[in-house]
Amino acid sequence: MKLADNKATLSFSNGSPSVELPVYQGSIGPDVVDIRKLYAQTGMFTYDPGFMSTASCQSTITYIDGDKGELLYRGYPIEQLATSCDYLETCYLLLYGELPNPQQKTDFVNRVTNHTMVNEQMQFFLRGFRRDAHPMAVMTGLVGALSAFYHDSTDINNPEHREISAIRLIAKMPTLVAMAYKYSMGQPYMYPQNKLGYTSNFMRMMFATPCEEYEPNDVLVRAMDRIFILHADHEQNASTSTVRLCGSSGTNPFAAIAAGVACLWGPAHGGANEAALNMLEDIQKMGGVAKIGEFVSKVKDKNSGIKLMGFGHRVYKNYDPRAKLMRETCHEVLDTLGLGNDPLFKLAMALEKVALEDEYFVSRKLYPNVDFYSGIVQRAIGIPVSLFTAIFALARTVGWIAQLNEMIADPEYKIGRPRQLYVGATKRDVQPIDKR
Ligand code: SDX
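What counts as what
Residues numbered from 1 in each chain as written. Predicted model: local features only at pLDDT ≥ 70, side-chain atom pairs only at ≥ 80, totals over all residues. Heavy atoms only, no water. UniProt positions renumbered as here; feature names shortened; annotations may be inferred. Helix = DSSP H or I, 4+ residues; strand = E, 2+ residues; numbered from the N terminus. Buried < 20%, exposed > 50% of the residue type's maximum accessible area, 1.4 Å probe, protein only. Contact = heavy atoms within 4.5 Å. Polar contact = N/O pair within 3.5 Å; in protein donor to acceptor, adjacent residues only side chain to side chain. Near = heavy atom within 4 Å. Areas by Shrake-Rupley, 256 points an atom, 1.4 Å probe, with all protein chains shown as cover. Nonpolar A, V, L, I, M, F, W, Y, C, P; charged D, E, K, R; others polar. Pairing = 2+ DSSP bridges. Phe/Tyr/Trp six-rings, centres within 6.5 Å; stacked < 30°, edge-to-face > 60°. Lys NZ or Arg CZ within 6 Å of the ring centre and 35° of its normal. 1 Å grid on protein atoms, 1.4 Å probe; cavity = no way out; pocket = protein on both sides within 12 Å on 5 of 7 lines; lining within 4 Å. Points joined across faces, edges and corners; volume = space filled by probe spheres on them.

As annotated in an unreviewed UniProt entry, the protein is Citrate synthase from Ramlibacter cellulosilyticus. UniProt, in its Sequence similarities (unreviewed entry) section for the protein, records the words "Belongs to the citrate synthase family." Listed in UniProt under the heading Pathway (unreviewed entry), the comment for the protein reads: "Carbohydrate metabolism; tricarboxylic acid cycle; isocitrate from oxaloacetate: step 1/2."

A.B. asks: What should I look at first to understand the UniProt feature "active site" (unreviewed entry) in the protein in this one?
C.D. replies: Under the UniProt annotation, "active site" (unreviewed entry) lies at H313 and D371. The named residues occupy 59 residues along the chain; their greatest pairwise C-alpha distance, 10.5 Å, places them in one compact cluster. Within the element layout of this structure, H313 appears in the loop between α13 (292-300) and α14 (321-336). Looking at H313, the relative accessible area reads 23%, which means it is partly exposed. Excluding residues that lie within four positions of it along the chain, H313 makes contacts with H234, D320, R322 and N369. Within the structure, H313 has its side chain in polar contact with the backbone nitrogen of Y316 (distance 3.1 Å). Its location among the elements puts D371 in helix α17 (residues 370-381). Beyond its immediate sequence surroundings of up to four residues, D371 is in contact with H231, H269, G270, A272, N273, A276, G310 and F392.

A.B. asks: Looking at this structure, how should I read the site of the ligand?
C.D. replies: Lining the immediate surroundings of the ligand are 24 residues, of which H234, H313, R314, R322 and R396 lie closest. The separation between an oxygen atom of the ligand and a polar main-chain atom of G310 is 2.9 Å. Measuring from an oxygen atom of the ligand, one finds a side-chain N or O atom of R314 at 2.7 Å. Taken by itself the ligand offers 1000 Å² of open surface, and the protein chains cover 76% of this. Per-class residue counts for the shell around the ligand are 10 nonpolar, seven polar and seven charged.

A.B. asks: So what exactly am I meant to see when it comes to the sheet that holds strand β1 (residues 2-10) here?
C.D. replies: One key point about sheets: their strands pair by backbone hydrogen bonds, in either a parallel or an antiparallel sense. With antiparallel pairing, three strands are arranged side by side in an open sheet as β1-β2-β3. The open sheet is flanked by β1 and β3 (32-33), the only strands paired with a single partner. Pairing geometry for strand β2 (residues 19-25) and β3, over two bridges, is antiparallel. If you follow V23 over to β3, its bridge partner there is V33.

A.B. asks: Even after reading the chapter, I still don't get the packing of aromatic side chains, so can you show me in this structure?
C.D. replies: Aromatic ring pairs are reported here in terms of the distance separating the ring centres and the angle at which the planes meet. Counted by the stated rule, this structure contains 18 aromatic pairs. Considering the side-chain rings of Y198 and F228, the 6.3 Å spacing of their centres and the 80 degrees angle between planes classify their relative orientation as edge-to-face. Here F228 lies in helix α9 (residues 218-230) and Y198 lies in helix α8 (residues 198-207), a separation of 30 residues in the sequence. With relative accessibility at 11%, the residue Y198 sits in the buried group. Geometrically, the ring pair formed by Y319 and Y367 is tilted, given 6.3 Å between the ring centres and 55 degrees between the ring planes. Residue Y319 is located in the loop between α13 and α14, and its partner Y367 is located in the loop between α16 (359-363) and α17; the two are separated by 48 residues in the primary sequence. One aromatic cluster is present, formed by F311, F345, Y360, F361, F372 and Y373 through successive ring pairs. When the ring centre of Y183 is taken as origin, the NZ or CZ atom of R131, which lies over that ring, is 4.2 Å away. Sitting over the face of the ring of Y360, R364 holds its NZ or CZ atom 3.8 Å from the ring centroid.

A.B. asks: Hey, could you run me through the layout of surface pockets in this one?
C.D. replies: Rolled over the atoms, a probe with the dimensions of a water molecule shows which regions are left empty. Space inside the second largest pocket adds up to approximately 210 Å³. In terms of lining, the second largest pocket is formed by 14 residues, of which the most central are L95, Y96, A402, N405 and E406. Of all the secondary-structure elements, those providing two or more residues to the lining of the second largest pocket are α3 (87-96), α7 (159-185) and α18 (388-408). Within the lining of the second largest pocket, the residues separate by chemical class into eight nonpolar, two polar and four charged.

What follows is the structure in structure tokens.
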């Protein structure tokens, strides 16, 4: 980051001495006011619950322009990556900063491929869950449990450990998600096949059985791979910030990623894709397109507590570029499967149209986000709704790792430890119980 010519001066009406704060510029996007010395100089904290105006770090990984609806991974527009690259190329880019050349890609793919199996003991963790356990409960447990098997790569401050644990996590997430799915179905696990590509391998582990092979459909595999690319990273979102804060204590990479899985589960974050699909199915049961107006009225009624899931975003105040690409993928997949008239997709597009013409949504700059259409694509591919967020976690693992490694490699990083504005009881004495 570069010191800007501009400076910030903080003055106080009570006559306290004013404070000059440096302003830094990035390569693109908003400048930052450096408040690191504010407490030492003024005895005061800043106050920013939800971090609406706070940059928690400097990063070279992902840039989002919320007003333009722009998303760049290491400077490359998401639209170009989603159409010209595959997920493992995108993983390489996010981890190492550049797209791989043919040899680098071959080496990276081979390394990932050779780490796709998990220790046989991992299946005994699954046995502790009921078959109807939510896949994200299972994934939170399994990812954290990985740290028990790789004592040779748990020192987050060791670059070699960071490298091998990155490969292991990227390689094993598809295996774990497929195991969680098979367990819920009461079907045997399918082992990864090294001759298959990353996403074909995942689809086969999901849908093949010992009795019947799964013949990957190229359009569906490409759609799944694109879903992985679109979900790979997204700047300092809630789960990435969780991973950074968790990793800042020096805990091992597997534990830090497990914390990200747990955070992503929430319906305001990664859990929104499952919630959005369930919302569409509820409207469908109410009567479909004819009932959109009634549903939207409930959303606009604050007392209903109902939100339009898959809509709105903390950063995007324009159309989420991932939602556009996801809608295109919807068309491709549904046409391939002969489901071009899928009622849920038609309902989603009608709902989007109504919302984007309604002043409530327009005035609040609420647009479809990545979660609005992703559920329809996944459902068409055959992914059960309850597994949508686990797929999101699979795809986001590389982003979490890249962000975690960027923080750990920064010589200035410290353990994250925010302060507070205390508004509780002032000091008082304990009274004997017979006097309370
Ligand atoms: C993801 O951060 C990331 O980058 C996340 C993510 C990633 O890749 O990591 O992009 C993935 O999490 C996408 C978001 C998925 N969540 C949903 O789709 C859930 C529904 N969306 C909302 O919960 C909400 O839009 C958030 C949580 C996404 C953003 O909330 P903010 O930024 O805190 O905004 P807000 O709640 O203050 O909303 C501003 C106004 C409020 O109304 P007023 O108080 O001004 O009258 O808009 C309203 C909100 O009530 N509003 C909605 C709404 N989202 C916001 N009203 C109805 N439906 C919605 N979806």
